[in-house]
Structure formats: C-alpha cells, structure tokens
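Structural characterization, general
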Amino acid sequence: MAALGRLAAGLCRALLRPGGPREAAAAGRRGVRALRRSPVRVLPPLKERGAAGEKQPSPKKPPPPPPPPAVERSSAGPGLWYEKAAPGDRRLGKVVTITKSKKFRDHHGKVLLEGPRLIKDALEAGAVPHTLFFSTMGHLKELPEAKLKQASLVKVKFEDIKSWSDLVTPQGLIGIFSKPDHSKMSYPAAQLISSLPLLLICDNIRDPGNLGTILRSAAGAGCEKVLLTKGCVDPWEPKVLRAGMGAHFRLPIIANLDWESLPSNLPAGIQVCVADNKDPRGADGTGSAPDSLKAPVKSKPKAALEHEDEEGEEGVCIPELPAQYYYESWTQTPAAVVIGGETHGLSPDALRLAASTGGKRLVIPVVPGVDSLNSAIAAAIVLFEGKRQLLQRHKQEEERQKFPVAG
C-alpha cells in the first residue's frame, strides 16, 4: 500500500510540471515494471531442507493387478475333472497351429490326434496324453476313464473345434499327445498274435495319403514292423494319421532311418525284395515271360536317371536283381519288401540292400500301356501276397509234422 501511495503522489507532481503528461506516463511504466517483478524465493539452510525431505512421504506404489478369474471346474466322473474354456480362450487354436508344424513336433515331441477312435487306440496302446479338447461329455465316455486322468480336460464349443479341424465332418474331440516311442508301446494282442515275419521298408514315400494307406495295409497284412527312410513324409503328420486309421498304434513304425543304419533294424538272415511295376516282357507285352524272368534284370530306377542328368555322373553302380512275378514264391526265408515313391521310384541304395541279401525284384504285371500302379496299391498287393505265402507255408509245415513221411 505504501508503494501505491508513493506512486500516486509521484504521478500528481509530474502532471503539475510543464511536460508533465509525458513524465507521468514514464513514471507509470516504471511503477508497473516494479509491480511485475517476482518476489525473491528465500531458501532455508541445507540442514533444514534435508530434514524436510526426509519427512516427505515416499510415492505410493501402483496397486497389484487383479487376480485372474477363477477357472470353472466340473466333475466328469470319480476323480475326473474338466475345465470349461472361457470366451476368448485361445489355447485350442494355438495348440492346433503349432502341432501341425513338423519343426514343433520334432522339437517338443508333441503330436495332434483327432477323433474318438484314433484317440482311443492311442490311449489303449500306452500313448501319453497332455490335453484333450472336447465339445460334449459323450466323447469322454467313449474313452478309457483311467487313462484320461493323466490329461488336462478342456470343454470348448463345437464351433471352435470345427474352425480348427481339418476334417470335413469334425467329431468334436482333439487331443495333444507326447510323440509315441515304439519301444514303449503296448500293441493290441490280436495284432501281435497275427504278426508275420514280414517287414516293410518305405523308400521316399512323400505323399501323406499314400503313406497312411501303406501303413494301414501293413497293419492289415500282419507286418512285423515298418521302416521309413529319410526322405519319407513325417508319419505323425495329421494327413498321414487320418489315412492310417489307427495303424500307428498297431505296429512299430521306425522313421527317419538312413540306409547305413537300416540293416541294424532287420533280423538276421532276412531277404529284402523290391516291388516293381515294370514287366520284363516289354512294353508291348510280347515275348516269353518265363524265359525273361529266369535271367537277372538290370534295374535302373528313375532316381538314378535323374541323378545322372543333373550331375552328369555316369557309371552309377546299379546292381542286377533276378526278377519274378509277385505271385511266385519269394518268402522262403523271412522277407522284407521295399516300396518306392511314385515320383523317384526305387533308390540305388534300396537295390544295393536287396542285392546284398539275395533279394529279388517282384514284378506286378499290368496291361501294356497302363501307367505304373499307385505306390499304396502296389504295397497292398505285394504284402497280402506275402501274407498268403507265409500262411500257406506254415500250414504245410504243420501238416508235415502231423503226418511225417516214412523214411
């Protein structure tokens, strides 16, 4: 107030002097600048400032996030519980996506099975389940209850399974299992009783549908086991599993073998034969079949020809194998049959293995001009003929023991 009083008195005096208005205006501006000056901030001593800082409360920590909503669990039987997937639950889609990748299956050792029958066969054979996604309680009643206690059961909407299923008509049940180990499986007793000294070797079978059908034929014929060389499609791919119709859990399947280690998976004294659609009578069907089949026939598969064309290598050692029709006797000793892929045919390694065991080339005659048979069909023809011959030989041996020939 005193400052305002002095400012007013100075303005009055300036107005009364000559030239007073200009001086009054200048004095007013100085007074305004004086009024606009900020007050000086007085800081307390350092000790007092430190004490005041210590008394200030620390900033509050953010509150912890709310706990996740409780999982809705229900009973599916004595000691059996399942959880109901909440809206927006993405576990099914995530699991189905990653298990369809061969890289994931190899790295994490997980496979995807779909449908009550396939999952039931897997559980009864001793496969280890991790998670089962189902849409109705009826699906669980079709499965062995004791085996289900090892898995996490999740009930989802049928629409969710339908959106992720590869089947035209989804069956409402998807399971995630550990990749089965053939040495730890318990195969059906009926399969073991009907097993024959007959093995199947798949050479570059790359079509999933063909491989699944071949495995199914091998199980139906009573093969002892199936060996898959490197270059074959993964037997645990979903399409192979669907075409196999449970064959994966009825006989041992040993995959990803190289030709150097393959003989160690064969019993001693076995004879390896190769299936071939090329009739040695010639493309026109003329000539004497018996005479042609008596002489060894030099087999050069398509894979060897392509190899020569690409790299220009000549003189590839392709062994000569004696040829005969598939319905003639070739199961005098325990036998293995090699089936080649449709694209590349039999590999030179397959022919070398057959030659080293005294094997033969089994010819499936077709009408001249007709293309070679599908590899799955060729496998079924040769395997069931081998089964017929083995059973017939077994029957003859039994009769010989009952009625021994007098010396």
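Source: prediction; values computed, not measured. (Residues numbered from 1 in each chain as written. Predicted model: local features only at pLDDT ≥ 70, side-chain atom pairs only at ≥ 80, totals over all residues. Heavy atoms only, no water.)

**Description of the overall build of the protein**
- A count of helices and strands for the protein gives 16 helices and 14 strands.
- The buried share of the protein, taken over its 407 residues, is 38%.
- Total accessible area on the protein stands at roughly 23900 Å², and carbon and sulfur atoms take up 56% of it. (Helix = DSSP H or I, 4+ residues; strand = E, 2+ residues; numbered from the N terminus. Buried < 20%, exposed > 50% of the residue type's maximum accessible area, 1.4 Å probe, protein only. Areas by Shrake-Rupley, 256 points an atom, 1.4 Å probe, with all protein chains shown as cover.)

**Overview of the nonpolar core**
- Residues Leu198 and Cys202 are the most contacted members of the largest nonpolar core, which totals 35 residues.
- Residue assignment for this core shows that the elements contributing at least two residues are strand S7 (198-203), helix H11 (208-221), strand S8 (225-229), strand S10 (271-276), strand S13 (335-340) and helix H16 (375-402).
- Sequence-distant contacts of cysteine 202, that is, excluding residues within four places in its chain, are made with Leu211, Ile214, Val226, Leu227, Leu228, Thr229, Cys232 and Ile339. (Core = buried A, V, L, I, M, F, W, Y, C linked by side-chain atoms within 4.5 Å. Contact = heavy atoms within 4.5 Å.)

**A few points about helix H4 (residues 91-99)**
- Buried within H4 are the following residues: Leu92, Gly93, Val96 and Thr99. With its buried residues spanning 150° around the axis, H4 presents them on a single face.
- The inward-facing, buried residues of H4 contact helix H5 (102-108), strand S3 (110-114), strand S4 (129-134), helix H9 (158-164) and strand S6 (173-178). (Arc of directions from axis to C-beta.)

**Notes on the pairing of strand S1 (residues 73-77)**
- Sheet analysis places S1 next to strand S2 (residues 80-84), joined by four bridges and oriented antiparallel. Opposite serine 74, over in S2, you have tyrosine 82 as the bridge partner.
- In this structure, the hairpin formed by S1 and S2 is closed by a connection of two residues, where glycine 79 is found at a positive phi of approximately 70°. (Pairing = 2+ DSSP bridges.)

**As for helix H15 (residues 348-356)**
- Taken together, the buried positions of H15 are occupied by Pro348, Ala350, Leu351, Leu353 and Ala354.
- One or two residues past the end of H15 sits glycine 358, with phi positive at roughly 75°.

**Examining the sheet that holds S3**
- Within the open sheet, the six strands sit side by side as S1-S2-S5-S4-S6-S3. Their pairing is mixed. Bordering the open sheet on either side are S1 and S3, each of which pairs with just one other strand. Within the sheet, the average angular offset between the axes of one strand and its neighbour, ignoring direction, is 25°.
- Judged from the five bridges that link them, S3 and S6 form a sheet pairing that is antiparallel. Residue pairing across strands places leucine 112 opposite isoleucine 176, the latter belonging to S6.
- Here H4 sits on the sheet in contact with S2, S3, S4, strand S5 (152-155) and S6, set at roughly 55° to S6.
- Relative to the sheet, helix H6 (residues 116-124) contacts S3, S4 and S6, its axis offset from that of S6 by approximately 30°. (Axes fitted to C-alpha atoms, helices over the stretch in contact; angles between N-to-C directions.)

**A closer look at the packing of H11 against H16**
- Look at H11 against H16: their axes get within 9 Å of each other, and the N-to-C directions meet at 10°. The pairing of H11 with H16 is recorded here as roughly parallel in orientation. Contacts between H11 and H16 involve Asn210, Thr213, Ile214, Ser217, Ala218, Gly220 and Ala221 from the former and Ser375, Ala376, Ala379, Ala380, Leu383, Phe384 and Lys387 from the latter.
- Per-class residue counts for the contact of H11 with H16 are eight nonpolar, five polar and one charged. (Parallel < 35°, antiparallel > 145°, perpendicular 65-115°, else oblique. Nonpolar A, V, L, I, M, F, W, Y, C, P; charged D, E, K, R; others polar.)

**Observations concerning the pattern of salt bridges**
- One pass over the structure, following the stated rule, counts ten salt bridges.
- A salt bridge links aspartate 166 to arginine 242; the shortest N-O distance between them is 3.9 Å. Taken together, the residues span a long stretch of sequence, with aspartate 166 in the loop between H9 and S6 and arginine 242 in helix H12 (residues 238-244) at a distance of 76 residues.
- Arginine 242 sits in the partly exposed class, given a relative accessible area of 30%.
- One salt bridge in this structure joins arginine 352 and aspartate 349, with 3.0 Å as the shortest N-O distance. Pair noted here: arginine 352 and aspartate 349 are both in helix H15, with a separation of three residues, about one helical turn. (Salt bridge = Lys/Arg side-chain N within 4 Å of Asp/Glu carboxyl O.)

**Here's the deal with unusual backbone geometry**
- In this structure, methionine 245 is a non-glycine residue whose phi angle is positive, near 50°.
- Looking at the element boundaries, methionine 245 is found in the loop between H12 and strand S9 (253-257).
- Despite not being glycine, asparagine 256 has its phi angle at roughly 60°, a positive value.
- In this structure, asparagine 256 sits in strand S9.
- Using a relative accessible area of 54% as the deciding quantity, one classes asparagine 256 as exposed.

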